Structures are given as C-alpha cells and as structure tokens.
Amino acid sequence: MVRIFLQMLFLIGGALTARGPHRGFLDLMVEDEALEGSGFLPPIVEHHRHRILQPPPERAMPRQPLCPFGCQCGRRVVQCSDLGLSEVPADIPKDTTLLDLQGNKITEIKDDAFKGLHHLQILILVNNKIVRIHARALVPLVSLQRLHLSRNNLLEVPTSLPSSLVELRLHENKIRKVPATALSGLAHLYALEMGDNPLENKGIENGAFQDLDRLAYIRISEAHLESIPKGLPSHISELHLDGNKITTVNDGDLKGLAHLSKLGLGHNAITAVANGSLEGARNLQEVHLNDNKLTTVPRDLRNLKYTRAVFLHNNDISALDAEAFCRTNGRVKKTLYTAISLYGNPIHYWDVPPSIYRCTAGNGALQLGNLRK
C-alpha cells in the first residue's frame, strides 16, 4: 500500500515538472506578493489592485430640495399653514405645484416673493392680513390656476394676475373697486368669488368683465350692490347676488344671459320683478328670490320653459294667480317643477289654485309650510 502511494506521488511530480509553466495556487499567491513588494507590477494591474484594496470613495448624495423652516414638503406640495409667518418664506422648492400659506400673519406680498415658482398651480393665502400685493409679485406664476385670497384686507383686485388662472377667490376682503383692467387677459377664468366685500355698483368700472370669455360662475353676495351689475359675460351659468341691497329687477338686467341656469337673488329688498326681465335668461332652471319683499309671483316665471325650482319663501305674497307658475291655455311647460317654495308667506293651502299642481312633479313639490308670526 505504501509502495503504491509513493508511486502515485512520483507520477504526479513528474507530470507537474513536464508541464513547466503551470503552478499551484499558493505558489502564484506568494509570487504576486513578491512582485508587489519589488515594484514590478505593470501600472494598470497596480491601479486595479489599489482600487480593490482601498475603501471606495464616498458617493456624493443628490441634493435634496430645500423646505422652509417649520413647513412640510412632499410630492411637490409645500404646507406652511398656521405658523405665524409674517412674510412668504424663502427656499420654496422650484418644482412646487401647491403652496399653502393660509392662517398666517402675512401683510404684504413683495415682488420677489414667488420668484422662480414657474410650476406653481395652486396658491392658498386665505386668512392672512394681506393689504398689498406688489404689481409684479404674481408675474412669475405662469402656471397658476387657482388663487385663494379670501379673508384678507385687500382694498382692490390685485393687478398683473396670471393669464392661466381658472379660479379666483377674493371673498371677505375690503374691496371697493374693480378697475376695468384688473381682470383683463383672464381668458381661462371659470369661477370668480368676490362675496362679502363693501363693493357698490359704482365701484365696478365699465368693461371690468369683458375679457372673461369662459367665466361660468360669479358670486358677489353680501356686498353693497343696489342693482344687478352691468356688462356680465354672456355665457355665465351661475350668478349669485344674495345678501345685497337690490330693490328691483329691471327689464334688461339679464339681457343676453342665455346660458344662465341658476340665479341667486335671495336676502335682498326686492319689491318688484319687471315683466320681461327674466326672459333675457330664458334657460333658467333655478331661481332664488326668497327673503325679499315681493307681494306677487313674478309673471315671467310662467314663460320660462326649463325652470325646475323657484324659491319664494319669506316674502309678502298673499295670493296666487291660476297662472302664477304655468299657463293654463294648453301651453304646458316642458319641465315640471320639482320645488316651489312658498312657506313664510301670508297664504293658506286652500287658497292655492288647483291648476298650479298640473305643472309640478308631485304634490310634495309645492311647499307652503307655516305662516310667519
């Protein structure tokens, strides 16, 4: 057995000697170490070994967008509400699309407040103390669609508004004037909210609404208007003038408003609606004349084919004509009333002519309620 083992070693040694250049793994490793110490490694190999033996350099971390102190940032949204800020913070990320600054103590918007925010789409400045917005403060906001400036101390509509605006909310300010050029160029504006301002008719200059080609919704409620403003865009679908000092709806006030579907004139002091005044808005579907001083139902209602709801509660109507809401001569309205609100008027249900029910969707559509005391 020992002889056989020695013969195998001899054969293996001979084979290795015959091959010449082939060496064992330990021999190669020792030889490499010797070469490295002698400086005979080729430059490229030496460089390769250096990269392996040395720890890799630290990679530069990508720079993170800044976030104003105290604010919360994420997904292109920056929320800085209710922080007691006295001015628009710096270091707002340039890719921000929504900036919320409501509930602070900002009094002034300077020219460079929004510099570089070309991607901003929604700006919320509600419930601050803003008195002044500098002339060029909003110019950088070329992508702005919604601007909320409600509950501030503005005296006028801001100038240089971005032409990209779709929605502008200015209610609960101290606005007394709407210059003819204030809203110029806002061809994409869809909704305008200006309620609860001390705004009078004379404060709305001629042509103030002429460039608002897409305006569909306008609200000037709780103001000091004594009549329906002139020059309203012909394509508006909702007009809300509740809570003003309007006493009469005159012929021509709604002329050309063929797309108007909802009219809000509640909580005024209206005593009369002139014949033909509502026919200018022939597509009216909902009419609010509640909480006024009307003594009769406006005659135009019987001629409006698409009206579905009429709110006349809390007036002084004491009698109903047989054709108060629809004609009895065979001309039936295409749309039946779903709501006729008459509660709070000095009228009893037994005084309601039966013919009125023929143009309602059901007996429950006519709401009489209880008399006021």
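These lines cover the structure that appears in this document, whether it is placed above or below. (Residues numbered from 1 in each chain as written. Predicted model: local features only at pLDDT ≥ 70, side-chain atom pairs only at ≥ 80, totals over all residues. Heavy atoms only, no water.)

## A look at the side chain of D253
- Positionally, D253 belongs in the loop between strand 12 (248–249) and strand 13 (262–264).
- Residue classification places D253 among the buried positions, given a relative accessible area of 7%.
- Only 3.1 Å separates the side chain of D253 from the side chain of K230, close enough to count as a polar contact.
- Setting aside chain neighbours within four positions, we find D253 in contact with I228, K230 and T248. (Helix = DSSP H or I, 4+ residues; strand = E, 2+ residues; numbered from the N terminus. Buried < 20%, exposed > 50% of the residue type's maximum accessible area, 1.4 Å probe, protein only. Polar contact = N/O pair within 3.5 Å; in protein donor to acceptor, adjacent residues only side chain to side chain. Contact = heavy atoms within 4.5 Å.)

## A short note on the state of the cysteines
- Per the counting criterion, the structure on display carries three disulfides.
- Between the sulfur atoms of C67 and its disulfide mate C73 the distance is 2.0 Å. Across the disulfide from C67 to C73, rotation about the S-S bond amounts to roughly 85°, and the bridge is consequently right-handed.
- Listing the disulfide partners of the protein chain by sequence rank of the bonded cysteines yields 1-3, 2-4, 5-6. (Disulfide = S-S within 2.5 Å.)

## Quick word on the packing of aromatic side chains
- For the coordinates displayed, the defined rule picks out two aromatic pairs.
- Centre to centre, the rings of F325 and Y337 are 5.8 Å apart; their planes meet at 75°, and the pair counts as edge-to-face. You can see F325 sitting in the loop between strand 16 (309–311) and strand 17 (339–341) and its partner Y337 sitting in the loop between strand 16 and strand 17, a full twelve residues away along the chain. The residues F325 and Y337 share a single accessibility class, namely buried.
- Between Y349 and W350, the ring centres sit 5.0 Å apart and the planes meet at 75°, which makes this aromatic pair edge-to-face. (Phe/Tyr/Trp six-rings, centres within 6.5 Å; stacked < 30°, edge-to-face > 60°.)

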